[in-house]
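# Chain and residue survey
Residues per chain are reported as follows:
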2 protein chains.
Amino acid sequence: MEKTNHDFLEEETVQEVARTFKALSDPTRIKILYLLTQEECSVGHIAQCLNMTQSAVSHQLSFLKNLRLVKSRRQGQSYFYTYDDEHVIGILKEVINHTLHN
Amino acid sequence: MEKTNHDFLEEETVQEVARTFKALSDPTRIKILYLLTQEECSVGHIAQCLNMTQSAVSHQLSFLKNLRLVKSRRQGQSYFYTYDDEHVIGILKEVINHTLHN
DNA sequence: ACATTATATGAACACTAACTCATATATCGC
DNA sequence: GCGATATATGAGTTAGTGTTCATATAATGT
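Anyway, here's the lowdown on the structure attached to this text. (Residues numbered from 1 in each chain as written. Chains lettered and ligands numbered in written order. Predicted model: local features only at pLDDT ≥ 70, side-chain atom pairs only at ≥ 80, totals over all residues. Heavy atoms only, no water.)

### Focus on the nonpolar core
This is how the line gets drawn: Here, nonpolar core means buried Ala, Val, Leu, Ile, Met, Phe, Trp, Tyr and Cys residues that are tied together by side-chain atoms lying within 4.5 Å of each other. Exposure categories follow from relative accessible area, calculated using a 1.4 Å probe and restricted to protein chains: below 20% of the type maximum is buried, above 50% is exposed, and the middle band is partly exposed. We call two residues contacting when some pair of their heavy atoms lies within 4.5 Å.
Ranked by size, the top nonpolar core spans 62 residues in total, and within it A:Ile46 and B:Ile46 carry the most contacts. The residues touching B:Ile46, leaving out its near neighbours within four places in the chain, are B:Ile32, B:Leu35, B:Leu36, B:Cys41, B:Val57 and B:Leu61.

The following block contains the structure:
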């Protein structure tokens, strides 16, 4: 096929798609998001569940929040996080299931 | 929820899921895979279409081949690549469409 | 107001990843 | 066999990523 006959994605589109997948490409972030599919979690709870430092978890949460994949609400001294992108969570679950059944 | 009541993924599963998403997290690989959804391509053709060096494309193809996301056949001096994982291509298309319609 | 608890944030560090450059390998036409 | 073409591959470089450590911010209980 000639180059001119191909369908090319806009550079901006490619970048955005890459960003989405990148968010899901780290084991820690996968674990965090998977936890959040089960319940709203505080930072400390996540850290405890995943055996990670508070700081490491917080950094990743702020990463996910920038991409609007999670959101947070304050309650007293704690922040509670929930996922905020049904589509991305759906993709994650799909790949997890596919991986489990292979 | 108590930690013991959560559902945790096997470490191996998480790693594999992360690998899959990582494959899709780079703009170049996205472009290559998207091209391959349209037709079987030689390395040179891909390089020309994407304005990249032969070497850069070849490195990424070998990356994708290691994960069995693409396969190649030789024809004369050329190698022709096709995608080799319907599920991953499906995920890619889904995220592309979702990105386009937002 | 002060100590405590929970979280966020910035800097530094180690590790990884993608590209370039040079070169190796393999096929083709002659 | 030889030059030309197409691709693969290894080393080196540079940019990016995830963690730790130290510290800042903010709410709570006394």
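### Notes on the packing of helix 1 (residues 11-23) of chain A against helix 5 (residues 86-100) of chain B
Cut-off, in case you're wondering: What counts as an axis is a line fitted to C-alpha atoms, over the stretch in contact for a helix, and the angles between N-to-C directions run from 0 to 180 degrees. Note on conventions: DSSP H or I runs of at least 4 residues are helices, E runs of at least 2 residues are strands, and numbering of each starts at the N terminus. Comment on the angle field: the value is read as roughly parallel under 35 degrees, roughly antiparallel over 145, roughly perpendicular from 65 to 115, and oblique elsewhere. With the far helix as reference, a near helix turned anticlockwise by less than a right angle produces a left-handed crossing, and one turned clockwise produces a right-handed crossing.
The interhelical angle for the contact between helix 1 of chain A and helix 5 of chain B, taken along N-to-C directions, is 120°, at an axis separation of 10 Å. Between helix 1 of chain A and helix 5 of chain B, the angle is such that the two are oblique. In this structure, helix 1 of chain A meets helix 5 of chain B at a crossing whose hand is right-handed. Counted together, A:Thr13, A:Glu16, A:Val17, A:Thr20 and A:Phe21 of helix 1 of chain A and B:Ile91, B:Leu92, B:Val95, B:Ile96, B:Thr99 and B:Leu100 of helix 5 of chain B form the full contact between these two elements.

### What to know about the side chain of B:Arg29
All names here are of chain B. The test is simple: When charges are counted, neither His nor the chain ends are considered; positive counts come from Lys and Arg and negative counts from Asp and Glu. The working definition used for a salt bridge is a side-chain nitrogen of Lys or Arg within 4 Å of a carboxyl oxygen of Asp or Glu.
When you line up the elements, Arg29 lands in helix 2 (residues 27-36). Among buried charged residues, Arg29 stands out as having no salt bridge; its nearest opposite-charge side chain is Asp26, 4.2 Å away. When sequence neighbours within four positions are dropped, the list of residues in contact with Arg29 reads Lys22, Ala23, Gln60, Phe63 and Leu64.

### Here we look at the protein's contact with DNA strand C
To keep things clear, this is the line we draw: Being near a molecule or strand, for a residue, comes down to having at least one heavy atom within 4 Å of it. Polar contacts here mean pairs of N or O atoms no more than 3.5 Å apart (in protein, one a potential hydrogen donor and the other a potential acceptor; neighbouring residues in sequence count only if both atoms are side-chain atoms). Lys, Arg, Asp and Glu make up the charged group, whereas Ala, Val, Leu, Ile, Met, Phe, Trp, Tyr, Cys and Pro make up the nonpolar group; the residues left over, Gly among them, are polar.
Around DNA strand C there are 24 residues in total, and A:His59, A:Gln77, A:Tyr81, B:Thr28 and B:Ser55 lie nearest to it. Taking the atoms of DNA strand C that fall within 4 Å of the protein, sugar and phosphate contribute 67% of them. Between DNA strand C and A:Ser55, the relevant distance is 2.8 Å, taken from a base oxygen to a side-chain nitrogen or oxygen of the residue. A:Gln77 is positioned with one of its side-chain polar atoms (N or O) 2.7 Å from a base oxygen of DNA strand C. At the level of elements, helix 3 (43-50), helix 4 (54-66) and strand 3 (78-83) of chain A together with helix 2 and helix 4 (54-66) of chain B are the ones that each hand at least two residues to the surface near DNA strand C. Among the residues making up the surface near DNA strand C, the classes are represented as five nonpolar, 15 polar and four charged.

### A closer look at the interface of chain B and chain A
Let me state the cut-off plainly: Summed over both partners, the accessible area (1.4 Å probe) lost when two parts come together is defined as the buried area.
At the junction of the two partners, chain B supplies 40 residues and chain A supplies 40 residues. Where chain B abuts chain A, roughly 3,900 Å² becomes buried across the two surfaces, and 70% of that area is made up of carbon and sulfur atoms. When residues of chain B are sorted by the area they lose upon contact with chain A, B:Leu9, B:Phe21 and B:His87 head the list and together hold 15% of the total. The tally of links from chain B across to chain A stands at two salt bridges. Taken together, the links from chain B to chain A amount to 14 residue pairs in polar contact (both at pLDDT 80 or more). Breaking the side of chain B that touches chain A down by element, the ones donating at least two residues are helix 1 (11-23), helix 2, helix 3 (43-50) and helix 5 of chain B. The element that contributes the greatest number of residues to the side of chain B that touches chain A is helix 1 of chain B, accounting for 10 residues. Here the side of chain B that touches chain A is composed, by residue class, of 19 nonpolar, 12 polar and nine charged.

### Focus on the relation of the copies chain B and chain A
Comparison of the two chain copies shows a relationship of rotation about an axis with a shift along it. Just so we agree on the cut-off: The fit set for superposing copies consists of C-alpha atoms from residues with pLDDT of at least 70 in both; the fit itself is least squares.
When chain B is fitted to chain A, the residual RMSD is 0.0 Å, and the transformation amounts to a turn of 180° plus an axial shift of 0.0 Å. The superposition of one copy onto the other is thereby described by a two-fold rotation axis. The rotation axis passes nearest to the C-alpha of B:Phe21 in chain B, at a distance of 2.7 Å. Both copies present the same face, since 100% of the interface residues in chain B are matched by interface residues at the equivalent positions in chain A.

### Regarding the packing of helix 3 of chain B against helix 4 of chain B
All names here are of chain B. Their axes nearest at 9 Å, the elements helix 3 and helix 4 cross at an angle of 115°. Of the two possible hands of crossing, helix 3 and helix 4 adopt the one that is right-handed. Along its contact with helix 3, which presents Val43, Ile46 and Ala47, the element helix 4 presents Gln54, Val57, Ser58 and Leu61.

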